[in-house]
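Understanding the architecture of this molecule
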Amino acid sequence: MAELLKGAPVAGAIIERLIARAGQLRSRGVVPTLAIVRVGERCDDLAYENAAIRRCDKIGIAVRRFRLEPDVDQDRLLEVLEEINQDKGIHGCLMFRPLPKHIDERIVCQALNASKDVDCMTDRSLAGVFTGKGPGFPPCTAQAVMEILEYYGVELEGRHATVIGRSLVIGKPVAMLLQAKNATVTMCHSKTRDIAGICRQADILVAAVGHAGTVTPEFTNPGQIIVDVGINSLPEGGLTGDVDFAAVEPMVKAITPVPAGVGSVTTAVLCKHLIEASERAAV
Ligand code: NAP
């Protein structure tokens, strides 16, 4: 039976440290503050927003919500971001995406000041992930993968990590973060040939695909550690990852569950980035 790498203890350890850091900031008169920008009322945005607010409350982070109608025009959204940029009392901003189709998401994302970009929506933050320098932060989900590996003491240096998926939100940044920890990284995607054979060689396998059941026992080896980033809705209700958990779990050394894996660490990472941004602004 594989070791189950649950997200809750990872998030708990992060939050405990953040409560102390938020307290220090408040004692210096700084109230760490997150802006949340939401256009419309998508169910998954609302669920994430509520989870983020609960986490922020627990840590001592204030939240300012900017709720906009789904037909808001682009100029108004740009004004909101400019207001956030100019407000010294706001230290970071989470904006839900995708934005409605009538808005040019690329233009809007670039409008945020990179020092307040706690979830890597600007190119400047993304460049920082690739260069290892810069004012922004990696995407929260990509960083959550790293936090899980670190918490459970997974050695990365010199080991072979394979990432399935090459999106700018997860696949590519995770590959960069793993490489920064001296792993040897292979990236797979929808055009990769013999993907099972390549993945089978990995010590660490990160699945960020968006299709249930992609990772089957043929992708694995008995020493493998799997981080399943996928969140896929089941027709009968509930969520599942990208890994065929029932078939794969008995075949590997360790695996994250879905739900209760990566997803439960993401909001803790968001708060970590926010506290870090607040500390930088307070210097
Ligand atoms: P995405 O933009 O759709 O990218 C999916 C990637 O998977 C692409 O690079 C695609 O390859 C690759 N792919 C698709 N089918 C494949 C296959 N059969 N074999 C190999 N590679 C395949 O998705 P994303 O935004 O990166 O998200 C990935 C998953 O993470 C989704 O399930 C999403 O819901 C989940 N997610 C989880 C969290 C969390 O907190 N846990 C947060 C955000 C997202 P090509 O580039 O060749 O098309």
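Structure first, text after, so check above.
Notes on the structure follow.

**Quick word on the packing of aromatic side chains**
Counted by the stated rule, this structure contains two aromatic pairs. Ring geometry for tyrosine 48 versus phenylalanine 96: centroids 6.0 Å apart, planes at 85°, classification edge-to-face. Here tyrosine 48 is found in helix H2 (residues 43-59), whereas its partner phenylalanine 96 is found in the loop between strand S4 (92-95) and helix H4 (105-110), with 48 residues between them in sequence. The class for tyrosine 48 is partly exposed, based on a relative accessible area of 23%. Residue classification places phenylalanine 96 among the buried positions, given a relative accessible area of 7%. Taken together, a centroid distance of 4.9 Å and an interplanar angle of 80° make the contact between tyrosine 151 and tyrosine 152 edge-to-face. Judged by relative accessible area, which is 41%, tyrosine 151 ranks as partly exposed. With relative accessibility at 21%, the residue tyrosine 152 sits in the partly exposed group.

**Considerations on the sheet that holds strand S2 (residues 33-39)**
Here we have three strands laid out as an open sheet, ordered S3-S2-S4, and parallel in their pairing. This sheet does not close on itself; its edge strands, each paired only once, are strand S3 (62-68) and S4. On average, adjacent strands in this sheet sit at an angle of 20° to one another, irrespective of strand direction. Here S2 pairs with S4 via four bridges, running parallel. Among the inter-strand pairings, alanine 35 is bridged to a residue of S4, identified as cysteine 93. Helix H3 (residues 74-86) contacts S2, S3 and S4 of the sheet and is inclined by roughly 165° relative to S3.

**Re the site of the ligand**
The environment of the ligand is made up of 20 residues, and the closest members are Arg166, Ser167, Ser190, Val229 and Ile231. Interatomic distance of 2.7 Å between a side-chain N/O atom of arginine 166 and an oxygen atom of the ligand. Within the complex, 68% of the 940 Å² of free accessible area of the ligand lies under protein. When grouped by side-chain class, the residues that make up the shell around the ligand number eight nonpolar, eleven polar and one charged.

**Some thoughts on the pattern of salt bridges**
Tallying each qualifying case throughout the model produces twelve salt bridges. Between aspartate 45 and arginine 42 there is a salt bridge whose closest N-O contact spans 3.3 Å. Residue class for arginine 42 comes out partly exposed when judged on its relative accessible area of 32%. Across the pair arginine 64 and aspartate 87 runs a salt bridge, and its minimum N-O distance is 3.0 Å. Taken as a pair, arginine 64 in strand S3 and aspartate 87 in the loop between H3 and S4 lie far apart in primary sequence, 23 residues in all. When its relative accessible area of 34% is taken as the criterion, arginine 64 is described as partly exposed. Of the residues examined, aspartate 87 reaches a relative accessible area of 22% and is grouped as partly exposed. In this structure, a network of salt bridges that share partners links the residues Arg21, Glu276, Glu279 and Arg280.

Rules behind the numbers
- Residue numbering note: each chain is counted from 1, following its sequence as written.
- The predicted origin of the model limits local features to residues at a pLDDT of at least 70 and limits the giving and counting of side-chain atom pairs to 80 or more, whereas totals for whole chains, interfaces and linings rest on all residues.
- To get the side-chain values, all heavy atoms of the structure are used, and hydrogens and water are removed first.
- When two rings of Phe, Tyr or Trp (its six-membered ring) have centres within 6.5 Å they constitute a pair, described as stacked for plane angles under 30 degrees, edge-to-face for angles over 60, and tilted for the intermediate range.
- Helical segments are the DSSP runs of H or I of at least four residues, strand segments are the runs of E of at least two, and each set is numbered from the N terminus.
- Note on exposure labels: buried denotes an accessible area under 20% of the residue type's maximum, exposed denotes more than 50%, and partly exposed covers the range between, all computed with a 1.4 Å probe on protein chains only.
- Any two strands with at least two DSSP bridges between them are considered paired.
- Inter-axis angles, ranging from 0 to 180 degrees, are taken between N-to-C directions of lines fitted to C-alpha atoms, where helices are fitted over the stretch in contact.
- Only heavy atoms matter for contacts: two residues are in contact if any of them lie within 4.5 Å across the pair.
- Being near a molecule or strand, for a residue, means having at least one of its heavy atoms within 4 Å of it.
- Definition of a polar contact: a pair of N or O atoms within 3.5 Å, with one able to donate and the other able to accept a hydrogen when the atoms are protein atoms, and with sequence-neighbouring residues admitted only if both atoms are side-chain atoms.
- Per-residue and other accessible areas were derived by the Shrake-Rupley procedure at a 1.4 Å probe size, with only the shown protein chains allowed to occlude residues.
- The residue classification treats Ala, Val, Leu, Ile, Met, Phe, Trp, Tyr, Cys and Pro as nonpolar and Asp, Glu, Lys and Arg as charged. All others, Gly included, are polar.
- Within this document, salt bridges are pairs made up of a side-chain nitrogen of Lys or Arg and a carboxyl oxygen of Asp or Glu, the two lying within 4 Å of each other.

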